[in-house]
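# Secondary and tertiary structure notes
Here's the letter readout for the chains.
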Amino acid sequence: MAMNRGTCAPWCNAAENTSGGPGGDVRGGDVRGGDVPGGGVPGGPSGNARGRAAPEVVRRPGAWQRLGRRFVAALLPLGLVVLAGCDYFAEKKLVPGIHTEADVRNFMGKPELVSEEPDGSRRLEYPRSPMGAETYFVYIGPDGKYKAMEKAMNEANFAKVKSGMSRDDVRRILGKQTETTPLALKNEEVWSWRYEVDNSKLMFFNAHFDKASGKVVRISRDQDWRGMGS
């Protein structure tokens, strides 16, 4: 299976480019539930009442955190609106068997990744992170016609991610990760996907890969506290 990498649509880039920053990312939270017993408290002390050192957690401090979460939270709604507009019209207007891959690209821009299947069909990958909370898979038939569109961030797909899977296996299920974070003490690399729950809460689904084997060793989730401000 051959893969070609690309970028998002030009009108979406304006929103997506606001989410990055030198030396870091817009998130500043920890992974709780997988690393910290009891869930952990954001901004809490590194140890506990008994004086024991806390387990290593996923920390993503960077330039955005130092600039202030309020500024990031103010940009977030604008980015989500722009990205949602690109995809909303594509979902409503594209007709299976009628529209072509060129029509998909006109609506959604250049895909991040194109997967070539043995039968000549193609899958176009459109991650809308880090500002968005969705990844779209668009399926093109061997005849070049649009077949279907799938939202990858859902519980059915999360349940497919199992211990022992490779990075490529997980990427195939969920698409490009929102963030990548090293855990040096655990010799792990954490891939995180941002998603929305009940149209109200933003979460991260985290796959922990062993650096030596490149295989999934565990799964965790944590809330994206960015939108809460500070």
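Data block above holds the structure.
Residues numbered from 1 in each chain as written. Predicted model: local features only at pLDDT ≥ 70, side-chain atom pairs only at ≥ 80, totals over all residues. Heavy atoms only, no water.

### Focus on the pattern of salt bridges
Evaluation of the coordinates by the stated rule reveals 10 salt bridges. Linking glutamate 101 and arginine 122 is a salt bridge whose minimum nitrogen-to-oxygen distance equals 2.9 Å. With glutamate 101 in helix α4 (residues 101-108) and arginine 122 in strand β3 (residues 122-127), the pair connects residues that are 21 residues apart, well separated along the chain. Across this residue pair, the class does not change: glutamate 101 and arginine 122 are buried. Note that glutamate 116 is salt-bridged to arginine 122, the shortest N-O span being 2.4 Å. (Salt bridge = Lys/Arg side-chain N within 4 Å of Asp/Glu carboxyl O. Helix = DSSP H or I, 4+ residues; strand = E, 2+ residues; numbered from the N terminus. Buried < 20%, exposed > 50% of the residue type's maximum accessible area, 1.4 Å probe, protein only.)

### Describing the side chain of serine 115
Residue placement: serine 115 occurs in strand β2 (residues 113-116). A residue is classified by how much of its surface remains accessible, and serine 115, at 1% relative accessible area, is buried. Only 3.5 Å separates the side chain of serine 115 from the side chain of arginine 172, close enough to count as a polar contact. (Polar contact = N/O pair within 3.5 Å; in protein donor to acceptor, adjacent residues only side chain to side chain.)

### So, empty space enclosed by the protein
The full count for this structure, using the stated rule, is two cavities of 30 Å³ or more. Put simply, the second largest cavity is a space of about 30 Å³. Lining the second largest cavity are Ser129, Ala133, Glu134, Thr135, Met153, Lys176, Thr178, Trp193 and Arg194. When grouped by side-chain class, the residues that make up the lining of the second largest cavity number three nonpolar, three polar and three charged. (1 Å grid on protein atoms, 1.4 Å probe; cavity = no way out; pocket = protein on both sides within 12 Å on 5 of 7 lines; lining within 4 Å. Points joined across faces, edges and corners; volume = space filled by probe spheres on them. Nonpolar A, V, L, I, M, F, W, Y, C, P; charged D, E, K, R; others polar.)

### So, unusual backbone geometry
The phi dihedral of asparagine 187 falls on the positive side, at around 55°, and the residue is not glycine. Assignment of secondary structure puts asparagine 187 in the loop between β6 (179-183) and β7 (188-197). The class for asparagine 187 is partly exposed, based on a relative accessible area of 35%.

### Some points on the sheet that holds β6
Strand order in the open sheet made by the four strands is β6-β7-β8-β9, with antiparallel pairing throughout. Among the strands making up the open sheet, the edge pair consists of β6 and β9 (216-223). Strand-to-strand twist across the sheet, computed as the mean angle between neighbouring axes with direction ignored, equals 25°. Sheet topology note: the β6/β7 ladder contains five bridges and is antiparallel. If you follow proline 182 over to β7, its bridge partner there is glutamate 189. Sheet strands touched by helix α6 (residues 167-174): β7, β8 (201-210) and β9. Its angle to β7, the strand with the most contacts, is close to 10°. (Pairing = 2+ DSSP bridges. Axes fitted to C-alpha atoms, helices over the stretch in contact; angles between N-to-C directions. Contact = heavy atoms within 4.5 Å.)

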